[in-house]
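# Residue-level structural notes
If you want the building blocks of each chain, they are given just below.
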Amino acid sequence: EKEGWYSMKVSDYFKYLEQRRSVKNKKLDDTQEKDLSMNSKRFTFIDSNGEEKAVNVDKEAIYMIDVDLVKLLPQTFEDLQRNFNLPGILPGGSHCMMNAVNPNGRPFMGPNLYITPPSSFTHFHQDGHGTVDSGHLCLSGYNEVVMLR
């Protein structure tokens, strides 16, 4: 783990998202009424070093970052390749500067999957700051994109 970063199982991350949603909505459905931990602002989990960690789900938005689609979700990557309308902009595509380099000889360039809870923000991964080229899929609510000239 890096300083201030968390590592957790994917299943724990999705539990974190559910608990965060429950706290943010301040509602409990029938299944959650008996489980008061879902309405608690304190989420605990065991990290990769076997240490218990806790975060305040009301105040901390945790991203799941750098999920390698090629290695970890190959069927999702194949689906992306098959259905993406602009395949030339994908890593190694006709509009990528690395397209003449053998896939085994070039550095890994993605695509990566990032999952964030609603209302999260990080300046480092913000579009237009030269750190990422991003495509966004918003599953619920809205995704606010502000472009400045």
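Residues numbered from 1 in each chain as written. Predicted model: local features only at pLDDT ≥ 70, side-chain atom pairs only at ≥ 80, totals over all residues. Heavy atoms only, no water.

## Describing the overall build of the chain
Regarding its fold elements, the chain presents four helices and four strands. Ordered by position in the sequence, the α and β elements of the chain form the string α-α-β-β-β-α-α-β. Residue burial in the chain is summarised as follows: out of 149 residues, 21% are buried. A separation of at least 24 residues holds for 53% of the contacts in the chain among residues at least 6 apart in sequence. Looking at the chain as shown, the accessible area adds up to about 11800 Å², and 52% of this sits on carbon and sulfur atoms. (Helix = DSSP H or I, 4+ residues; strand = E, 2+ residues; numbered from the N terminus. Buried < 20%, exposed > 50% of the residue type's maximum accessible area, 1.4 Å probe, protein only. Contact = heavy atoms within 4.5 Å. Areas by Shrake-Rupley, 256 points an atom, 1.4 Å probe, with all protein chains shown as cover.)

## Considerations on the confidence of the model for the chain
The share of residues in the chain with pLDDT of 70 or more is 68%, and the mean pLDDT across the chain is 76. Looking at the elements of the chain, mean pLDDT is at its lowest for helix α2 (residues 30-33), recorded as 48, and at its highest for strand β1 (residues 42-46), recorded as 93. (pLDDT = per-residue confidence, 0-100.)

## Some details on the packing of aromatic side chains
Per the counting criterion, the structure on display carries five aromatic pairs. With 5.8 Å between their ring centres and 85° between their planes, Y6 and F45 make a pair best called edge-to-face. In this pair, Y6 sits in the segment before α1 (10-25) while F45 sits in strand β1, placing the two residues 39 residues apart along the sequence. Judged by relative accessible area, Y6 falls into the partly exposed class, the value being 31%. For F45, a relative accessible area of 3% corresponds to the buried category. By the ring-pair criterion, three or more aromatic residues cluster together here, those being Y6, Y13, F14, Y16, F43 and F45. (Phe/Tyr/Trp six-rings, centres within 6.5 Å; stacked < 30°, edge-to-face > 60°.)

## Topic: the pattern of salt bridges
Pairing between side chains becomes possible if they bear opposite charge and their charged atoms approach one another. Across all of its chains, the model carries seven salt bridges by this definition. Linking R21 and E18 is a salt bridge whose minimum nitrogen-to-oxygen distance equals 2.6 Å. Note that R21 and E18 are positioned in helix α1 at a spacing of three residues, about one turn of the helix. R21 gets classed as partly exposed once you look at its relative accessible area, which sits at 47%. Using a relative accessible area of 33% as the deciding quantity, one classes E18 as partly exposed. With its nearest N and O atoms 3.5 Å apart, the salt bridge here joins D79 to R82. Here D79 pairs with R82, and both are found in helix α4 (residues 74-83), just three residues apart, close to one helical turn. Residue classification places R82 among the exposed residues on the basis of a relative accessible area of 60%. (Salt bridge = Lys/Arg side-chain N within 4 Å of Asp/Glu carboxyl O.)

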